[in-house]
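# Structural overview
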Amino acid sequence: MEARKRAALCLVLLVYCVDLQSHPLKLSLCQIEYASAEKTLTIELRLFLMDVNEALVFDPDNNELGLGQPDEVPHAEGMLLDYLNRFFYIKANGKQLALKIKSMSLNGQGNDAALGLTFSYPSQEKITSIEIKNAVFTDLFFDQSNVVYVHVDDDSRSLMLNKKTPVHKLVY
Amino acid sequence: MRYQTLFAACLALLVASCTEPPKKESTALETGAAETEAQLVARALAIHDRVLTMDTHADTPLRMIEPGFDMSVRHDPNESGSKVDYPRMIEGGLDSIFFATFVAQNIRDDEGDSRAKALAMQMIDATIESTLENADTVGLALTPDDAIELERQGKRAVYIAMENGYPIGSDLANVEVFYDKGVRYITLVHSTNNDLADSSTDSKGPEHEGLSQFGEEVVKEMNRLGIMIDVSHASDDVFYDTIALSEAPIIATHSNARAVTEHKRNMSDDMITTIAEHGGVVQVTMYSGYLRAAPGNPKRDAAIAAARANMKPPSEMTDDDRAAMRETLNEINQAFPDPLATVQHAVDHIDYIVSLVGIDHVGIGCDFDGGGGIEGVFDASEVMNITIELVRRGYTEEEIGKIWSGNVLRVFREVQALAEQKATKAAI
């Protein structure tokens, strides 16, 4: 299935934090996929909306930015990208991909609401390496865990990045 | 014959007279003196050392995919959030553990399924690799007796489990593939519905009204192979469908009592009674949200309110302003963390289940590295505090042995015995 459609159909993937008041495990999920046939590299990032709000407006329950919602304020996406550019990047074959959001969606409700971000890049080159930095929310939470799934054609790998280990390079 | 009997009796008497009686120190309980706290702790630690301890649920394979993470190194849970490594298992007297391979639910199509399978295999391989790299202290366990044998050798037992049946995809043959890799229980579903079953926490509500048709086939296949069926995370309907279908007892590897703490993830009295009637076991988990209603955190709320009162509107802040504010929030969060549930809360759940169905249907599954960790049992190095609290409440060594491993091992043996019977029948 085409990556765009897959992203649109994605369920809420974020897990664990059923009881966010006690917030026992902080988690985000990133999925990177490259299919040679489609020559497109797609990144899907899923973040708890509460964590995004805490990082951007310093209040997990303040939804004034309206990210991923019809009433999203004009500067919201810029604020989010400013934040992500500090804590997240992908380098394909050594070249850092400029973060430009292709689509944004909100899944789930209440404390379980997760913001889904999709980034898409045409890529004619065969992928020989992918370097990932994912330190989102590690500036807020010492125990933030960022799970990354990487699918390059038929090769699927998973890794967990955090404050101690924010960057990792996969070689193909 | 009479002479033979007399000779045997004399021999037995002689052997008995030569056998040194077991040394036993007089305890405060026996002498009638009040037991001091230090004596109680010493007694509890001795019991903890003698019984086989088993934690039926840890998401530590998620840690194992962190580049450079080393299970042989002791980690500080307050620095990294890590709750289990082999040094801390030894420190806490934790003899055996089920490491659950977890793949987050994603697209349910052939491509998504095959990716989930590949990711699960990678985590299983990482778990096996960690046992091989630490073969002097741990061993991979596949049968109930392996934990006992490994303990005899002075090693910790590592079992492999799977949390979320998503990697099975829609191919029943994958159940045997995972069994052959060492998986000994499968949690049918996680936080959202999958192709097997409905979750207790999917915000979209039920999809199959219980087990799906494919989920029923998976349950039968798990019975055939000797894989324990875990109903933690499953909806109530899935629980009842599974227990009606399974020929072997089932387990809830990390769930608590709903009557003590109202939560969809916990089990109702009827579910606990039913699982017990079918010989199964509920493993109490150390997850604050399932152990008690969360109290407020007024000190942190006040500190955050004060910090916000002095800040510029976020849209007018520079990047440096925002970074400084996040740093302030981080400091406040660390200074005033949300209060955790306590070991007393956890043993309240054990007490309740025992009062409801007796001592034979309760155990412990901490959910370390998956959100578990409470005051007094924050990581694997502190699990002895559960035993201390059990002793404090009057549980005997025999009862504590059942709670720590006896009950779940009984289920494990019954599950494997059923599989052997089926294999024998199929061979005839």
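The structure we're discussing is the one just above.
Residues numbered from 1 in each chain as written. Chains lettered and ligands numbered in written order. Predicted model: local features only at pLDDT ≥ 70, side-chain atom pairs only at ≥ 80, totals over all residues.

## Some details on the interface of chain B and chain A
On the side of chain A, 46 residues touch chain B, which itself brings 44 residues to the contact. Among the elements of the structure, α4 (61-64), α7 (110-133), α13 (288-291) and α15 (319-335) of chain B are those that each provide at least two residues to the side of chain B that touches chain A. Among the elements that take part in the side of chain B that touches chain A, α15(B) stands out by supplying eight residues, more than any other. Looking at side-chain class alone, the side of chain B that touches chain A contains 13 nonpolar, 20 polar and 11 charged residues. (Contact = placed C-beta atoms within 7 Å. Helix = DSSP H or I, 4+ residues; strand = E, 2+ residues; numbered from the N terminus. Nonpolar A, V, L, I, M, F, W, Y, C, P; charged D, E, K, R; others polar.)

## Side note on the packing of helix α2 (residues 49-57) of chain A against helix α3 (residues 76-87) of chain A
All names here are of chain A. Direction vectors running N to C along α2 and α3 enclose 90 degrees, while the axes themselves pass 10 Å from each other. If you check the angle between α2 and α3, you find them roughly perpendicular. Along the contact surface, α2 presents V52, A55 and L56, while α3 presents M79, L80 and Y83. When its residues are assigned to classes, the contact of α2 with α3 shows six nonpolar, no polar and no charged. (Axes fitted to C-alpha atoms, helices over the stretch in contact; angles between N-to-C directions. Parallel < 35°, antiparallel > 145°, perpendicular 65-115°, else oblique.)

## Quick look at the sheet that holds strand β3 (residues 88-92) of chain A
All names here are of chain A. Ordered in space as β4-β3-β7-β10, the four strands form an open sheet in which the pairing is antiparallel. Each edge of the open sheet carries a strand with a single partner, namely β4 (95-96) and β10 (167-171). Where strand β7 (residues 129-134) and β10 come together, five bridges link them in antiparallel fashion. Within β10, the position partnered with K133 by the bridge is V167. (Pairing = 2+ DSSP bridges.)

## Brief notes about the sheet that holds strand β2 (residues 40-48) of chain A
The strand order β5-β6-β2-β1-β8-β9 (chain A) describes an open sheet built from six strands, whose pairing is mixed. Taken across any chain shown, the strands that pair with only one partner, and hence form the sheet edges, are β5 (103-107) and β9 (155-162) of chain A. Here the strands of the sheet are splayed against their neighbours by 15 degrees on average, with no regard to which way each runs. Strand direction decides the pairing type here: β2(A) and strand β6 (residues 114-122) of chain A, joined by nine bridges, are antiparallel. Bridge assignment links A:L41 to a residue of β6(A), and that residue is A:Y121. The strands that α2(A) touches are β2, β5 and β6 of chain A; relative to β2(A), the one it contacts most, it runs at about 85 degrees. Relative to the sheet, α7(B) contacts β8 (145-152) and β9 of chain A, its axis offset from that of β9(A) by approximately 60 degrees.

## Quick notes on the nonpolar core
Counting 154 residues, the largest nonpolar core has A:V148, B:A161, B:L188, B:V282 and B:A346 as its most contacted members. Top contributing element to this core by residue count: helix α18 (residues 397-427) of chain B, with eight residues. The contact partners of B:A161, leaving out residues within four places of it in the chain, are B:F98, B:F99, B:A100, B:T101, B:V183, B:R184 and B:Y185. (Core = buried A, V, L, I, M, F, W, Y, C linked by C-beta atoms within 7 Å. Buried ≥ 20, exposed ≤ 12 C-beta atoms within 10 Å, placed from the backbone.)

Scope: geometric values only; no functional claims are made or implied.
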